[in-house]
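Structural characterization, general
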Amino acid sequence: MADKRLTEADVVAELRDGMTIGIGGWGSRRKPMSIVREILRSSLRDLTIVSYGGPDVGMLCASGQARKVVYGFVSLDSIPLEPHFRAARQNGTIEAMELDEGMLQWGLKAAAMRVSFLPCRAGLGSAIMEINPDLRTVTSPYDGQVLVAMPALPLDVALIHANRADARGNGQYLGPDYYFDDLFCRAAKRPFMSCEQVVDTDDFMKLGTEQTLKISRMLTDGVVEAPHGAHFTHCVPDYQRDEAVQREYAASAKDADAWAAFRAKYVDIPESDYRRLIGATE
């Protein structure tokens, strides 16, 4: 079996300007932040980000690398509004496709199924249809229902973070929810997974049941071993969200100097220095 282990830099080297990148996790929970930080250090531009958004979206808005964001929400969970995203939305520095949470899931599922759309009720009778004038409705040939034709959201690349993985690209989730990471992978041409630790395949069953194995090696092109790679978002049960750093991040949205200071402290440094800074053991 192929050894798919890569570094964050290896993954980002595969990305190109203008790509559509799906980022797994949920709000400020289990985001592949070490890869996001590597993107921030790069010269990539004009990215379309598809996400149940958290600081991944906010940081890429703050850096000016996100041209468009497709989202069901963007939140820091314990801080309801993601401030950098809010500023970008209000100032019109990004193009936005705001969707119902279920519509985003359906768009990913359509892409995973390689169909152009899936019908859904979500969005009917709401402002979703007004703010997304390109959305269309279809009439069911079976009972005449009028439904939203949610378009597929095909991804060039998906980035996800798991608790454990093996070198072949199988991923294990030890927390209560893997959200829709599998759909992000299935919807993407090139899926990459970071994880807290790469383990031997035989060790998976020592850590959890077979139901915790949510990502098949057939869904991944590369694996990055990234201890504390989701920080400052949470990656339970390995660690909780770092609320102190998250508050520091949120405060960095007050002006350009504050963001530059946060970036210099937490982003524009090697990941090994980042882990030492937050007190994580090597």
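Everything below is about the structure shown above.
Now for a quick tour of the structure. Keep in mind that what you see is a predicted model, and the values were worked out from it rather than measured.

What counts, and where the lines are drawn
- As a convention, each chain's residues are numbered from 1 in the sequence order in which they are written.
- Whole-chain, interface and lining totals are the exception, using all residues; otherwise, since this is a predicted model, local features are given only for residues with pLDDT of at least 70 and side-chain atom pairs are given and counted only at 80 or more.
- Side-chain measures here rest on the full set of heavy atoms in the structure, leaving out hydrogens and waters.
- Strands pair, by our definition, only if DSSP identifies at least two bridges between them.
- Secondary structure is summarised from DSSP: a helix means a run of H or I of at least four residues, a strand means a run of E of at least two, and numbering begins at the N terminus for each.
- Note on exposure labels: buried denotes an accessible area under 20% of the residue type's maximum, exposed denotes more than 50%, and partly exposed covers the range between, all computed with a 1.4 Å probe on protein chains only.
- As used here, the arc is the angular range of directions from the helix axis to the C-beta atoms.
- The contact criterion used throughout is that any non-hydrogen atoms of two residues lie within 4.5 Å.
- Counted as a polar contact is a pair of N or O atoms within 3.5 Å, where, for protein atoms, one must be capable of donating a hydrogen and the other of accepting one, and residues adjacent in sequence contribute only when both atoms are in side chains.
- Note that a disulfide, as used here, is simply two cysteine sulfur atoms within 2.5 Å.
- Between N-to-C directions, angles span 0 to 180 degrees; the directions come from axes that are lines fitted to C-alpha atoms, helices contributing only their stretch in contact.

**As for the pairing of strand E13 (residues 222-225)**
Note: strand E1 (residues 5-6) against E13, 2 bridges, orientation parallel. Its bridge partner being in E13, Leu6 is matched across the sheet by Val224.

**Quick look at helix H10 (residues 256-266)**
What H10 keeps buried is the set Ala258, Trp259, Phe262, Arg263 and Tyr266. Seen from one end, H10 has its buried residues packed into an arc of 135 degrees, which puts them on one side. In H10, those exposed residues whose orientation departs by more than 90 degrees from the buried face are Ala256 and Asp257. Elements that come into contact with the buried residues of H10 comprise helix H2 (33-41), helix H3 (55-62), helix H4 (83-91), helix H9 (243-251) and helix H11 (271-277). Structurally, the start of H10 carries an N-cap: the backbone nitrogen of Asp257 is 3.1 Å from a side-chain oxygen of Asp255.

**Regarding the pairing of strand E11 (residues 188-198)**
A large share of E11 lies buried, amounting to 8 of its 11 residues. Note: strand E9 (residues 155-165) against E11, 9 bridges, orientation parallel. Paired with Ala158 across the strands is Pro191, a residue of E11. Pairing analysis gives 4 bridges linking E11 to E13, with the strands arranged parallel.

**Quick notes on the state of the cysteines**
Enumeration over the complete set of coordinates arrives at 0 disulfides. The thiol of Cys235 is unpaired, and the distance to the nearest cysteine sulfur, on Cys195, comes to 9.4 Å.

**Some remarks on the sheet that holds strand E6 (residues 117-120)**
Read across the open sheet, the 3 strands follow the order E6-E8-E7; overall the sheet is antiparallel. This sheet does not close on itself; its edge strands, each paired only once, are E6 and strand E7 (136-139). Averaged over neighbouring strand pairs, the angle between their axes works out to 40 degrees when direction is ignored. Looking at chain direction, E7 and strand E8 (residues 146-151) are connected through 4 bridges and run antiparallel. Within E8, the residue paired with Thr137 across the bridge is Val148.

**Here's the deal with the environment of Leu147**
Within the secondary structure, Leu147 is located in strand E8. Those residues in contact with Leu147 that lie beyond four places of it in its chain are Pro119, Cys120, Arg121, Leu124, Arg136, Thr137 and Val138.

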